[in-house]
Amino acid sequence: MAKLKANINVDTLNLNLPVVEGTVGYPAIDVSSLHSHGIKTFDPGFSSTAECTSSITFVDGGKGELLHRGHPIEQLAEKCEFLDIAYLLFNGELPNSREKTIFTNAIKEHSLLHDQLTNIFRGFRRDAHPMAVMVGVVGSMSAFYFDETMKVGNLNHRKLSAQRLIAKVPTIAAWSFAYSNGSPFVYPKEELSYSENFLNMMFSGPNIKYLQNPIITKAFEKILILHADHEQNASTSTVRLVGSSGANPFACIAAGIASLWGPAHGGANEATLKMLSEIRNERRIGEYIKRAKDKSDNFRLMGFGHRIYKNKDPRAIIMKATCHEVLDELGLRNDPIFKLALKLENIALEDDYFVKKKLYPNVDFYSGIVMKALGIPNSMFTAVFALARTAGWVAHWNEMLTNEKSKIGRPRQIYTGKLRRDVPNL
Ligand code: CMC
């Protein structure tokens, strides 16, 4: 294909700008030289802006395609475990069996928290949201790991930080819930897998034995795989931006967790279940669909729509199948909340407004339902998303620091405030 060129005329200024092209996907006009002409680009929400080059994840919203390091999400979800994906995202290739053993052992070894961290948990109010606790505790790990093993310019140190984060975030997430519940902290166990460990830390106790169910573990593993990475979304861009100043990785990931928490991003799964319990009754679905379409009402159907996927969210298709498997296995098909969810899905899929605007159920519509069925409390839904996305965040953080051309993120603005004026004598 001939090299694309961009020609921009700004008043009398005529500029030929280079076009950056990836291996696949859209071209991007390289506007980085515009600032030397005193011109900026304006793109609120960054819909038309590629902030970086990246070789980790590719999303084709039109086709509904998601690739990690070239591998389609459908194949990864079928053939891999979550830790394979975490390894792939960071290192570029799936691990062979030796690499997998080493990586899995490292994750197990790092899954314990420094005992002093329990004091940080205890500083929170009992009714704090687990995401608030996670932001605080993950950020506070920067006070534990800032020594000679933590030079962000050193690849081995970045690998170690990434492993510590992937290993410890599930423990922090489970303990955030235990703390809000007043339950004792359950420690990770050597003999359990990554997903089994999280479920055990969530649901067992001194006198409660959690019985592992392979269907539940598999469904949980799918949730983690499908949420592991999704290129430059709000939280990943936040991690990159914070990391661009050379900040401590635990502080970067805490910022990512904070960004993920919002209902327009990772908070959508929790918001979906909240919405379902508010709708309560199948007879009230019509009323809520009407509200979602009403421009004067800011209510939106949570779990529907996506900035990038305008035809299908490939993750949603996989999660939907898992959702049906789990509802069958647990005998929950006739549970009112799940019946309501499936009815709402059908009605919205046939409604003109949703069809025309290409608003399909996204992954979080189904992951919320699956997590509810697994007994994970609503307040933990986004925390589970955060522990999965930690794998993607650390991979992007590492990639950004590996790229010699990376520099500190420093967007500009269009100032619309008052012109210069004197301070009156008060
Ligand atoms: N319910 C009703 N109307 C909607 C919805 C919805 N869920 N989503 C979008 N619309 C309408 C919106 O009002 C707008 O209408 P109009 O063109 O008449 O002004 C049009 O569809 C386009 O919406 P938008 O807000 O410009 O689209 P966006 O790409 O900026 O927003 C979104 C994407 C995901 C924030 C949005 O669809 C939404 O708020 N969905 C509900 C929250 C949700 O489920 N979020 C999870 C996203 S998936 C998880 C992740 O990857 O983080």
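Residues numbered from 1 in each chain as written. Predicted model: local features only at pLDDT ≥ 70, side-chain atom pairs only at ≥ 80, totals over all residues. Heavy atoms only, no water.

Enquirer: Can you tell me about the overall build of the protein chain, naming the residues and giving the values?
Expert: When its secondary structure is counted, the protein chain shows 17 helices and six strands. If one aligns the C-alpha atoms of the protein chain with their principal axes, the spans along those axes are about 75 × 65 × 60 Å. Put simply, the protein chain has 426 residues, and 48% of those count as buried. The contacts in the protein chain between residues at least 6 apart in sequence include a share of 70% that link residues at least 24 apart. For the protein chain, the exposed area adds up to about 22,200 Å²; of that, 53% sits on carbon and sulfur atoms. (Helix = DSSP H or I, 4+ residues; strand = E, 2+ residues; numbered from the N terminus. Buried < 20%, exposed > 50% of the residue type's maximum accessible area, 1.4 Å probe, protein only. Contact = heavy atoms within 4.5 Å. Areas by Shrake-Rupley, 256 points an atom, 1.4 Å probe, with all protein chains shown as cover.)

Enquirer: I'd like a description of the domain arrangement of the protein chain, backed by residues and values.
Expert: Partitioning the protein chain into structural domains gives domain 1 (5–50) and domain 2 (74–409). If you average the C-alpha positions of domain 1 and of domain 2, the two centres end up 34 Å apart. (Domains from an automatic or database assignment.)

Enquirer: Quick rundown of the site of the ligand? Include the residues and the values.
Expert: Around the ligand there are 22 residues in total, and His265, Arg300, Leu301, Gly303 and Lys357 lie nearest to it. Contact between the ligand and lysine 357: an oxygen atom at 2.8 Å from a side-chain N or O atom of the residue. With the chains in place, 75% of the 940 Å² that the ligand exposes on its own is no longer accessible. In terms of residue class, the shell around the ligand is made up of 10 nonpolar, five polar and seven charged. (Near = heavy atom within 4 Å. Polar contact = N/O pair within 3.5 Å; in protein donor to acceptor, adjacent residues only side chain to side chain. Nonpolar A, V, L, I, M, F, W, Y, C, P; charged D, E, K, R; others polar.)

Enquirer: Could you give an account of helix H11 (residues 268–279), with specific residues and numbers?
Expert: An α-helical turn contains 3.6 residues, so a residue and the one three or four places further along point in the same direction. Over its 12 residues, H11 extends 16 Å from the first C-alpha to the last, a length consistent with the 16 Å expected when each residue adds 1.5 Å. Burial of H11 is extensive: nine of the 12 residues sit out of reach of the surface. Of the positions making up H11, those classed as buried are Ala268, Asn269, Glu270, Ala271, Thr272, Leu273, Met275, Leu276 and Ile279. Contacts from the buried residues of H11 go to helix H12 (285–293), helix H14 (336–350), helix H16 (363–373) and helix H17 (381–402). Just past H11, the residue arginine 280 takes up positive phi, approximately 65°. (Expected span 1.5 Å × (residues − 1).)

Enquirer: An account of the sheet that holds strand E4 (residues 57–60) is needed here, citing residue identities and associated values.
Expert: Judged by pairing direction, the sheet is antiparallel, and its three strands sit side by side in the order E4-E5-E6 without closing on themselves. At either end of the open sheet lies a strand with only one pairing partner, and these are E4 and strand E6 (71–72). In the sheet, strand E5 (residues 65–68) pairs with E6 via two bridges, with the strands oriented antiparallel. Bridge assignment links leucine 67 to a residue of E6, and that residue is proline 72. (Pairing = 2+ DSSP bridges.)

Enquirer: Outline the pairing of strand E2 (residues 13–20), supporting the account with residue identities and numerical values.
Expert: Bridge analysis of strand E1 (residues 5–10) against E2 gives six bridges, and the strand direction is antiparallel. Within E2, the residue paired with asparagine 7 across the bridge is asparagine 16. Once E1 ends, the chain turns through two residues before running back antiparallel as E2, passing aspartate 11 with a positive phi of about 55°. Two elements, E2 and strand E3 (residues 28–29), share two bridges in a ladder whose sense is antiparallel. Its bridge partner lying in E3, valine 20 is registered against alanine 28.

Enquirer: Before we move on, could you go through the packing of aromatic side chains and cite the residues and values that matter?
Expert: Taken as a whole and assessed by the stated rule, the structure comprises 14 aromatic pairs. Measuring from ring centre to ring centre gives 5.9 Å for phenylalanine 304 and phenylalanine 354, while their planes differ by 65°; the resulting arrangement is edge-to-face. Taken as a pair, phenylalanine 304 in the loop between H12 and helix H13 (314–329) and phenylalanine 354 in helix H15 (residues 352–356) lie far apart in primary sequence, 50 residues in all. According to the relative accessible area criterion, phenylalanine 354 is buried, its value standing at 3%. Taking the centre distance of 5.1 Å and the plane angle of 70° together, the rings of tyrosine 353 and phenylalanine 354 count as edge-to-face. An aromatic cluster is defined as three or more aromatic residues linked by ring pairs; in this entry it consists of Phe304, Tyr353, Phe354, Phe365 and Tyr366. When the ring centre of tyrosine 179 is taken as reference, the NZ or CZ atom of arginine 126 above it lies at 4.1 Å. (Phe/Tyr/Trp six-rings, centres within 6.5 Å; stacked < 30°, edge-to-face > 60°. Lys NZ or Arg CZ within 6 Å of the ring centre and 35° of its normal.)

Enquirer: Give a description of helix H8 (residues 214–226) that names residues and reports values.
Expert: Taking 1.5 Å per residue, 13 residues should reach 18 Å; H8 reaches 18 Å between its end C-alpha atoms and fits that length. Looking only at H8, the buried set comprises Ile216, Thr217, Ala219, Phe220, Glu221, Lys222, Ile223, Leu224, Ile225 and Leu226. Looking at the buried positions of H8, the neighbouring elements they touch are helix H1 (73–79), helix H2 (82–91), helix H7 (194–203), H13, H16 and H17. The N-terminus of H8 is capped by asparagine 213, whose side-chain oxygen sits 2.8 Å from the backbone nitrogen of isoleucine 215.

Enquirer: Before we move on, could you go through the sheet that holds E3 and cite the residues and values that matter?
Expert: Strand order in the open sheet made by the three strands is E1-E2-E3, with antiparallel pairing throughout. Both edges of this open sheet fall to E1 and E3, since each of them pairs with a single strand only.

Enquirer: Account for the nonpolar core, with residues named and values stated.
Expert: Counting 119 residues, the largest nonpolar core has Phe82, Phe121, Met134, Phe198, Leu301 and Leu344 as its most contacted members. No other element matches H17, which puts 13 residues into this core. In contact with leucine 344, not counting residues within four places along its chain, are Met275, Leu276, Ile279, Ile285, Ile289, Leu301, Phe304 and Phe365. Among the nonpolar cores identified, the runner-up in size contains six residues, and Ala6, Leu17, Leu34 and Ile39 belong to it. (Core = buried A, V, L, I, M, F, W, Y, C linked by side-chain atoms within 4.5 Å.)

Enquirer: Break down the pattern of salt bridges for me, citing the residues and quoting the values.
Expert: Scanning the model with the defined rule gives 13 salt bridges in all. In this structure, lysine 356 engages aspartate 352 in a salt bridge whose closest nitrogen and oxygen atoms are separated by 3.7 Å. Here aspartate 352 and lysine 356 lie together in helix H15, a separation of four residues that amounts to about one turn. Here lysine 356 and aspartate 352 have matching classes, each one exposed. Each of Glu81, Asp84 and Lys100 takes part in one network of salt bridges that share partners. (Salt bridge = Lys/Arg side-chain N within 4 Å of Asp/Glu carboxyl O.)

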